[in-house]
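Structural description and commentary
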There are 2 protein chains.
Amino acid sequence: MSTLDPSPLGLHRVREPQGVLPQAATRLDPRPEIWPDEVRIDVETLNLDAASYRQLAEKHHGDGNAVRAEVLDIVATRGKMQNPVTGSGGMLVGTVAEVGPQSPLGLAVGDRVATLVSLSLTPLGLTDGLERWDGLSEQVPARGHAILFGRSIAAVLPDDLDPRLALMVMDVCGAPALVARVVRSRVKDQAPQEGTDPSRRGPTVCVLGGAGKSGSLSLAAARDAGAGRLIGVVPHEAEAATLRASGLADEVVVADARAPLGLSEAVRAAGGPADVTVVCVDVPGCEQPAILATADGGTVVFFSMATSFAAAALGAEGLAADVTMLVGNGYVPGHAAYALDLVRRVPAVRELFEARRG
Amino acid sequence: MSTLDPSPLGLHRVREPQGVLPQAATRLDPRPEIWPDEVRIDVETLNLDAASYRQLAEKHHGDGNAVRAEVLDIVATRGKMQNPVTGSGGMLVGTVAEVGPQSPLGLAVGDRVATLVSLSLTPLGLTDGLERWDGLSEQVPARGHAILFGRSIAAVLPDDLDPRLALMVMDVCGAPALVARVVRSRVKDQAPQEGTDPSRRGPTVCVLGGAGKSGSLSLAAARDAGAGRLIGVVPHEAEAATLRASGLADEVVVADARAPLGLSEAVRAAGGPADVTVVCVDVPGCEQPAILATADGGTVVFFSMATSFAAAALGAEGLAADVTMLVGNGYVPGHAAYALDLVRRVPAVRELFEARRG
């Protein structure tokens, strides 16, 4: 162990360039010996993120051996699994092997955990040459070790859920936690309206991409937090049928989330505009439509990584729209436990996830 | 006047392509006859936005005649002044020539106004060939007409301020209005702390780029809204001296807003972390540093057009930072009047603006 002071952000593990955070580093120190506030994980599976795996598979024309060789090379060179082109990583599953005496994460040796911070900032060493992986999927069986810093996030896998289901849920768990917080805050601020239809008492919430993973969890979270009318927007009739059958939304609307007028008119016809609009569709161009579907004084929460900051900022100004726009932070304290709890309590969410798992 | 139903968003003025909003249109209908909810302005000056003018000047190697010819061509082709490369426009000053009977904007014939929606969505016709413009600056003396829709924003120029000063203020007036709203909402939520130093009772606010136009207005707005300690961050000693002399901030810090540790340590030493961090510096890479300079449960407001949505979203997650991140909406009701009022009430802000005007 070096004498360098440990940093909860992992700065002591940054080798190149000096002074940047682990995510921005080109090379981390992946040695297995831990600093007093760190945790070492015995790795079981890496889950490469979809954008990263797609880039690698396309570059090597689907040649699994070449993909595997490049992943091994990246980890050996960088000390972490960060795709140099996409900049993204993924997450991993493993077992806690050692806990430093000053670790604040509350983990114990033997806990089976998923890391909820990106692989793009997690020190990683591999020892099995990824021999059990054919390079043909994002799920990588692996042996080796990974390091968690003082300020990392890891969640113990629950005993009562299939680990693959739990992983899918944890992957998008920031969305329901933030939606619940936004809806709760509006419910608190909103004076109760006596004599109105109970379903109209809470804020109206519209989720674009309501049948997807983060979308269905967001609908369940909004209901849980006291929302009134729930509107789910989906791109075609097949998804509409699924979402209708689930009962997660009060109104299901088929509309193109990129069409400014089409979307806002469809949402209006379903009881909108929305007090809270949640964008869970990963296509560009949804900023102005989402803003137009939202009531004056309302809030738009952008979870889509296809969101353009400028399109949102200038789009609202160009429409003279007084809406609060939130960048969907993937971290809210307790987010994983809350999302897993929703999956347990709301069978319809679990069914949607299990259908997607195929 | 056509029989097409007017839309407050100006959709009836979109010629190509069909179904998009005026900002996304390649061609608008700029005819001077107005629909019942529209207003026609006699144009006096166009203010091209900085990014657009720079692109034109560089393309034509500073040849003013060529720049003028291209601006004329853009307006003739598109029916609006939207730079096809940058996508941006600017704003204009003029006099109200006609007000439709259903216009909700509250303007009267003869009012001298500045438009606060972008030229990139404003129907525009020019009649003087821009003969009084040498093509060598962003300020374009012009004759012609422009159209405001039902849902446009225009502000009457105040009698008591130099129009050039008023325009500079209006150009960034979204920032102080939103900062004041965010700070007020925290002051309301925060229980009064008896017996503490009064200056520490309100939230601590840190403004990155505190000596700039939107930055100095944001500092003044935060003070006005009840902030406690105000920290202004600037990139070098010359700006620090200016900001210190102004008295707008309680603490002035020289730091690189792109350096994660440097910034957060400097802000901490000045009394941080901040409850509210306002990003007003137009350089990329300030997302994680701003997040690290903000307290848990705090808010980051991004006004910089150099903000990356993904860097903010993934950056907060990677730091396990429980911060609320706002996209700086350029529109808040009453924003122009509020910013002008700050300039009148806070002489230090006015002096900073007048020094910049040079």
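The structure we're discussing is the one just above.
Residues numbered from 1 in each chain as written. Chains lettered and ligands numbered in written order. Predicted model: local features only at pLDDT ≥ 70, side-chain atom pairs only at ≥ 80, totals over all residues. Heavy atoms only, no water.

What follows is about the overall build of chain A. A count of helical and extended segments in chain A gives 11 helices and 15 strands. Radius of gyration (C-alpha) of chain A: 22 Å, near the 21 Å computed for a compact globule of 358 residues. Judged by the C-alpha coordinates and their principal axes, chain A covers about 65 × 45 × 40 Å. Expressed as a percentage of the 358 residues in chain A, the buried residues total 58%. (Helix = DSSP H or I, 4+ residues; strand = E, 2+ residues; numbered from the N terminus. Rg over C-alpha atoms; globule rule 2.2 N^0.38 Å. Buried < 20%, exposed > 50% of the residue type's maximum accessible area, 1.4 Å probe, protein only.)

Turning our eyes to something else, we now look at the pairing of strand 3 (residues 39-48) of chain B. Residue and element names in this part refer to chain B. Across the 10 residues of strand 3, eight count as buried, placing the element largely inside the fold. Direction of pairing for strand 3 relative to strand 4 (residues 90-99): antiparallel, over a ladder of nine bridges. In the strand pairing of strand 4, Thr 45 is matched with Val 93. Note: strand 3 against strand 8 (residues 144-148), four bridges, orientation antiparallel. Bridge pairing in strand 8 places Val 39 opposite Leu 148. Sheet analysis places strand 3 next to strand 7 (residues 139-141), joined by three bridges and oriented antiparallel. Residue pairing in the sheet places Thr 45 in a bridge with Pro 141 of strand 7. (Pairing = 2+ DSSP bridges.)

All right, on to the relation of the copies chain A and chain B then. For the pair chain A and chain B, the superposition axis carries a translation of 0.0 Å, the fit reaches an RMSD of 0.1 Å, and the rotation angle comes to 180°. One copy is carried onto the other by what is essentially a two-fold rotation axis. The overlap is high: 100% of the interface residues of chain A also sit at the interface in chain B, so the same surface is used on both sides. (Least-squares fit on C-alpha atoms with pLDDT ≥ 70 in both. Contact = heavy atoms within 4.5 Å.)

Residue and element names in this part refer to chain B. Listed in full, the buried residues belonging to helix 6 (residues 237-246) are Ala 240, Leu 243 and Ser 246. In a view along the axis of helix 6, the buried residues occupy a sector of 125°, so they form one face of it. Exposed positions of helix 6 whose direction lies more than 90 degrees from the buried face are Ala 238 and Ala 245. Gly 247 occupies a position one or two residues after helix 6 and carries a positive phi of about 75°. (Arc of directions from axis to C-beta.)

Another aspect to go through is helix 7 (residues 260-269) of chain B. All names here are of chain B. Pro 260, Leu 263, Ser 264, Ala 266 and Val 267 are the residues of helix 7 that are buried. The buried residues of helix 7 all sit within an arc of 160° when viewed along its axis, so they share a single face. Turned more than 90 degrees away from the buried face of helix 7, the exposed residues are Glu 265 and Ala 269. Structurally, helix 7 contributes buried residues whose contacts are with strand 10 (205-208), strand 11 (230-234), strand 12 (251-254), strand 13 (274-279) and helix 8 (287-292). Backbone geometry just after helix 7 places Gly 271 at a positive phi near 110°.

A few words now on the pattern of salt bridges. Residue and element names in this part refer to chain B. Per the counting criterion, the structure on display carries 35 salt bridges over all chains. For the salt bridge of Arg 15 with Asp 29, the shortest nitrogen-to-oxygen distance reads 3.7 Å. On the criterion of sequence distance, the pair formed by Arg 15 in strand 1 (residues 14-16) and Asp 29 in the loop between strand 2 (27-28) and strand 3 is long-range, its members being 14 residues apart. Residue classification places Arg 15 among the partly exposed positions, given a relative accessible area of 37%. Exposure remark for Asp 29: the relative accessible area of 4% places this residue in the buried category. Measuring nitrogen to oxygen at the nearest pair gives 3.0 Å for the salt bridge that ties Arg 258 to Asp 256. (Salt bridge = Lys/Arg side-chain N within 4 Å of Asp/Glu carboxyl O.)

To continue, consider the pairing of strand 10 (residues 205-208) of chain A. Residues and elements named next belong to chain A. Residues of strand 10 alternate between two faces, with Val 205 and Val 207 on one and Cys 206 and Leu 208 on the opposite face, all of them buried. With four bridges connecting them, strand 10 and strand 11 (residues 230-234) associate as parallel partners. The partner of Val 207 across the bridge, within strand 11, is Gly 232. Viewed along the sheet, the connection from strand 10 through helix 5 (residues 213-224) into strand 11 turns out right-handed. (Right-handed = clockwise from strand over helix to strand, strands pointing away.)

Our focus in this paragraph is the packing of helix 4 (residues 174-189) of chain A against helix 5 of chain A. All names here are of chain A. Closest axis-to-axis distance for the helix 4/helix 5 pair is 8 Å, and the angle between their directions is 30°. Judged by the inter-axis angle, helix 4 sits roughly parallel to helix 5. In this structure, helix 4 crosses over helix 5, and the sense of that crossing is right-handed. The residues of helix 5 that touch helix 4, namely those facing Ala 175, Pro 176, Val 179, Ala 180, Val 183 and Arg 184, are Ser 214, Leu 217, Ser 218, Ala 221, Ala 222 and Asp 224. Considered class by class, the residues forming the contact of helix 4 with helix 5 number eight nonpolar, two polar and two charged. (Axes fitted to C-alpha atoms, helices over the stretch in contact; angles between N-to-C directions. Parallel < 35°, antiparallel > 145°, perpendicular 65-115°, else oblique. Left-handed = near helix turned anticlockwise from the far one by under 90°. Nonpolar A, V, L, I, M, F, W, Y, C, P; charged D, E, K, R; others polar.)

Facing the 41 residues of chain A at the interface are 41 residues of chain B. Between chain A and chain B, a total of about 3900 Å² is buried, with carbon and sulfur atoms accounting for 64% of that surface. For the pair chain A and chain B, the interface holds two salt bridges. For A:Arg181, the salt bridge is made with B:Asp322, and the minimal N-O distance between the two is 3.0 Å. Between the two partners, chain A and chain B, sit 10 residue pairs in polar contact (both at pLDDT 80 or more). Of all the secondary-structure elements, those providing two or more residues to the side of chain A that touches chain B are helix 7 (260-269), helix 8 (287-292), helix 9 (309-318) and strand 15 (324-327) of chain A. With eight residues, helix 9 of chain A is the single largest residue contributor to the side of chain A that touches chain B. A per-class count over the side of chain A that touches chain B returns 27 nonpolar, 10 polar and four charged. (Buried area = accessible area lost by both parts, 1.4 Å probe. Polar contact = N/O pair within 3.5 Å; in protein donor to acceptor, adjacent residues only side chain to side chain.)

All names here are of chain A. Along the chain, Glu 16 connects to Pro 17 via a cis peptide bond; the corresponding omega equals -15°. Within the secondary structure, Pro 17 is located in the loop between strand 1 (14-16) and strand 2 (27-28). With a phi angle near 50°, Leu 130 is a residue other than glycine that sits in the positive phi range. By the element assignment, Leu 130 lies in the loop between strand 6 (124-126) and strand 7 (139-141). Overall, Leu 130 belongs to the buried group, its relative accessible area being 0%.

What follows covers the packing of helix 4 of chain A against helix 10 (residues 335-345) of chain A. Residues and elements named next belong to chain A. At a closest axis distance of 8 Å, the pairing of helix 4 and helix 10 adopts a crossing angle of 90°. Comparing their axes, helix 10 and helix 4 come out roughly perpendicular. Contacts between helix 4 and helix 10 pair Gly 174, Pro 176, Ala 177, Ala 180 and Arg 184 from the former with His 335, Tyr 338, Ala 339 and Leu 342 from the latter. The class makeup of the residues in the contact of helix 4 with helix 10 is six nonpolar, two polar and one charged.

Our next topic: the state of the cysteines. Between two cysteines, a covalent bond joining their sulfur atoms is known as a disulfide. Tallied over the entire structure, the rule returns zero disulfides over all chains. With no disulfide partner, A:Cys286 has as its closest neighbouring cysteine sulfur the one in A:Cys280, 11 Å distant. With no disulfide of its own, B:Cys280 has B:Cys206 as its nearest cysteine by sulfur position, at a separation of 10 Å. Accessibility expressed as a relative area gives 13% for B:Cys280, which makes it buried. (Disulfide = S-S within 2.5 Å.)

Residues and elements named next belong to chain B. For Leu 340, the position within the fold is in helix 10 (residues 335-345). Once the C-alpha coordinates of Leu 340 and Leu 165 are considered, the two residues, 175 residues apart in sequence, prove to be 9.4 Å apart. Setting aside anything within four residues of it in sequence, one finds Leu 340 in contact with Pro 158, Leu 161, Ala 166, Val 169 and Met 170.

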